[in-house]
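Descriptive analysis of the structure
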Amino acid sequence: MKTPAQYEIQFGKCDVSETTKAELLRETNPRFARVSFESPVQQNGHDFAFAVVPVKFSAENKFVQCGRAVLCQTQAEADETFQLLTAATGEHMGIIQAGQLGQVGFVKNFRCIITEYSSRKMPSPGGKKVWMAVEREIDKATGEFTVKRKQSARNESEATRIAQQWQAEYDAEKKKYFDAVAKSNALPKPPERCEPLSETDRGDIVIAEMA
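Residues numbered from 1 in each chain as written. Predicted model: local features only at pLDDT ≥ 70, side-chain atom pairs only at ≥ 80, totals over all residues. Heavy atoms only, no water.

**Some details on the overall build of the protein**
Quick reminder of the rule: For the purposes of this entry, the term helix denotes a DSSP run of H or I that reaches at least four residues, the term strand denotes a run of E that reaches at least two, and both are numbered from the N terminus. The Shrake-Rupley method, run with a 1.4 Å probe sphere, supplies the accessible areas, and residue values consider only the shown protein chains as cover.
Helix and strand counts for the protein stand at 4 helices and 10 strands. Beginning at the N terminus, the succession of helices and strands in the protein can be written as β-α-β-β-β-β-α-β-β-β-β-β-α-α. Per element, the accessible surface of the protein, about 15,100 Å² overall, is 53% carbon and sulfur.

Here is the structure:
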C-alpha cells in the first residue's frame, strides 16, 4: 500500500565539496530520496516502513523536501515509486495515435494511471456503511486515487457482480480501441497489375535498388 504523507520529513546537513554543492544548486528538477524508518510510522491506521521524498539542495547544505512524500509499506513499493517518479521528471518522446492521425512530441511529468474495479464497504449518504461496486483511477507511483463512480448493492455478492461487469465493459472497450489501432497500421494493398513484369520493368527495379 502507498499513500501521500500528511507531514514533512526533515534532513540533516550534508558534508559536500563546493563543486558538488554548486552542481546540486544548479539542478532545476527535484531529486528523490528513499527513506527507511527505524520504527514504522502510522497514518490512517496503517503502518509504513519506507518513504520516497522529492528534495532539492539548499544553500545551507541540506536537502529540503519540495513536494509531498509518498509512504510505502514495503521496500518493493518504495523502489517502484522511486523509479516512476524519477522517470516522470525527465523528458520523453511520446506518440499519440487516433484513427489515421498521429502525433509525436516530448512529454514531462507523465503519470502511470491504472483503473481498478472492486467491491467494498463504504459510507452511504446517510452515514451507514453498505456494500458498493467502485471504479477508481489510481496513480501507480503515489497511491493517490479518484473515485470515478460507485453503486450501492444489497450485499457483497451483488457488488462484486457489478464490479466484474464494469471490468468486462472496460476490457471490451480497450480491445476495441487497440483493434482499431492495429487496423489503421495495416498497409493498403498494392494495386493489382494487369500484366506480368517485363524485362524493362525488372531492369528498372534493379537500378532503383542500387540507387
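Picking up after the structure, the text goes on.
**What to know about the sheet that holds strand 9 (residues 129-139)**
Where we set the bar: In this description, strands pair whenever DSSP reports at least two bridges between them. Under this scheme, a helix contributes an axis fitted over its contacting stretch, all axes are lines through C-alpha atoms, and angles between N-to-C directions fall in the 0 to 180 degree range.
The 3 strands are arranged 8-9-10 in an open sheet whose pairing can be described as antiparallel. Here the strands that pair on one side only, and so sit at the sheet edges, are strand 8 (113-123) and strand 10 (145-152). In this sheet, adjacent strand axes meet at a mean angle of 25° when their direction is disregarded. Both strand 9 and strand 10 contribute to a ladder of 7 bridges, which runs antiparallel. In the sheet register, Ile138 faces strand 10, and the bridge partner there is Phe145.

**A few points about a nonpolar patch on the surface**
Rule in force here: Patches here: salt-bridge-free residues with over 30% relative accessible area, like charges joined within 9 Å, nonpolar side chains (Val, Leu, Ile, Met, Phe, Trp, Tyr) joined within 5 Å. In what follows, salt bridge is the name for a side-chain nitrogen of Lys or Arg lying within 4 Å of a carboxyl oxygen of Asp or Glu.
Where nonpolar side chains cluster on the molecular surface, the patch consists of Met93, Ile95, Val104 and Phe106 and spans about 490 Å² of accessible area. Tracing the chain through its elements places Met93 in strand 6 (residues 92-98).

**Observations concerning unusual backbone geometry**
Its identity as a non-glycine residue notwithstanding, Asn44 has a phi of 55°, on the positive side. Summarising the element assignment, Asn44 is placed in the loop between strand 2 (31-43) and strand 3 (46-57). Positive phi, normally seen in glycine, also occurs at Asn61, with a value near 60°.

**Brief notes about the confidence of the model for the protein**
Residues shown with low pLDDT carry predicted positions that ought not to be read at fine detail. Condition: Scored from 0 to 100, pLDDT records how confident the predictor is in each individual residue.
Predicted confidence across the protein gives a mean pLDDT of 87, with 88% of residues reaching 70 or more. Between the elements of the protein, mean pLDDT differs from a low of 68, seen in strand 6, to a high of 97, seen in strand 5 (residues 70-72).

**Notes on the pairing of strand 2**
In this structure, strand 2 lies alongside strand 3, joined through 9 bridges in antiparallel fashion. Pairing of Val41 across the sheet is with Phe48, part of strand 3. The loop that links strand 2 with its antiparallel partner strand 3 comprises 2 residues; one of these, Asn44, has a positive phi angle of about 55°.

**Quick look at the side chain of Thr3**
Just so we agree on the cut-off: Note on definitions: a residue-residue contact is assigned when non-hydrogen atoms from the two residues lie within 4.5 Å.
Locating Thr3 in the fold gives a position in strand 1 (residues 2-4). Beyond its immediate sequence surroundings of up to four residues, Thr3 is in contact with Gln43, Phe48, Ala69, Val70, Leu71 and Thr142.

**Digging into the packing of aromatic side chains**
Applicable threshold: For Phe, Tyr and Trp, rings pair up if their centres lie within 6.5 Å, where Trp contributes its six-membered ring, and each pair is then called stacked (planes under 30 degrees apart), edge-to-face (over 60) or tilted (otherwise). Over a ring means this: the NZ of a Lys or the CZ of an Arg is within 6 Å of the ring centre and within 35 degrees of the ring normal.
Under the criterion given, the structure shown has 3 aromatic pairs. The positively charged end of Arg34 is found above the aromatic ring belonging to Phe82, 3.8 Å away from the centroid.

**Things to note about the side chain of Lys2**
Here is the rule we go by: Each residue gets one of three labels from its accessible area relative to the maximum for its type: buried under 20%, exposed over 50%, partly exposed in between, using a 1.4 Å probe on protein chains only. The term polar contact refers here to a pair of N or O atoms within 3.5 Å; inside protein, the definition further demands a hydrogen-donor-capable atom paired with an acceptor-capable atom, and it admits residues adjacent in sequence only when both atoms are side-chain atoms.
Locating Lys2 in the fold gives a position in strand 1. Exposure remark for Lys2: the relative accessible area of 12% places this residue in the buried category. Engagement of the side chain of Lys2 in a polar contact is seen with the side chain of Glu80, the distance being 2.6 Å. A polar contact of 3.0 Å, which involves the side chain of Lys2, links it to the side chain of Thr81. Residues contacting Lys2, with those up to four places away along its chain left out, are Val70, Leu71, Cys72, Glu77, Glu80, Thr81, Lys140, Ala141, Thr142 and Gly143.

**Focus on helix 2 (residues 75-89)**
Selection criterion: Here the expected span of a helix is defined as 1.5 Å times the quantity of residues minus one. For this quantity, the arc is that covered by the directions from the helix axis to the C-beta atoms.
Taking 1.5 Å per residue, 15 residues should reach 21 Å; helix 2 reaches 22 Å between its end C-alpha atoms and fits that length. Of all the positions in helix 2, only Glu77, Ala78, Thr81, Leu85, Ala88 and Thr89 are classed as buried. Along the long axis of helix 2, the arc covered by the buried residues comes to 100°, so they all point the same way. Seen from the open side of helix 2, the exposed residues pointing more than 90 degrees away from its buried face are Ala76 and Gln83. Summarising the contacts, the buried residues of helix 2 are in contact with strand 1, strand 2, strand 3 and strand 5.

**With respect to the environment of Ala163**
Residue placement: Ala163 occurs in helix 3 (residues 156-185). For Ala163 and Glu135, which are 28 residues apart along the polypeptide, the C-alpha to C-alpha distance reads 7.6 Å. Excluding residues that lie within four positions of it along the chain, Ala163 makes contacts with Tyr117, Ser118, Ser119 and Ala133.

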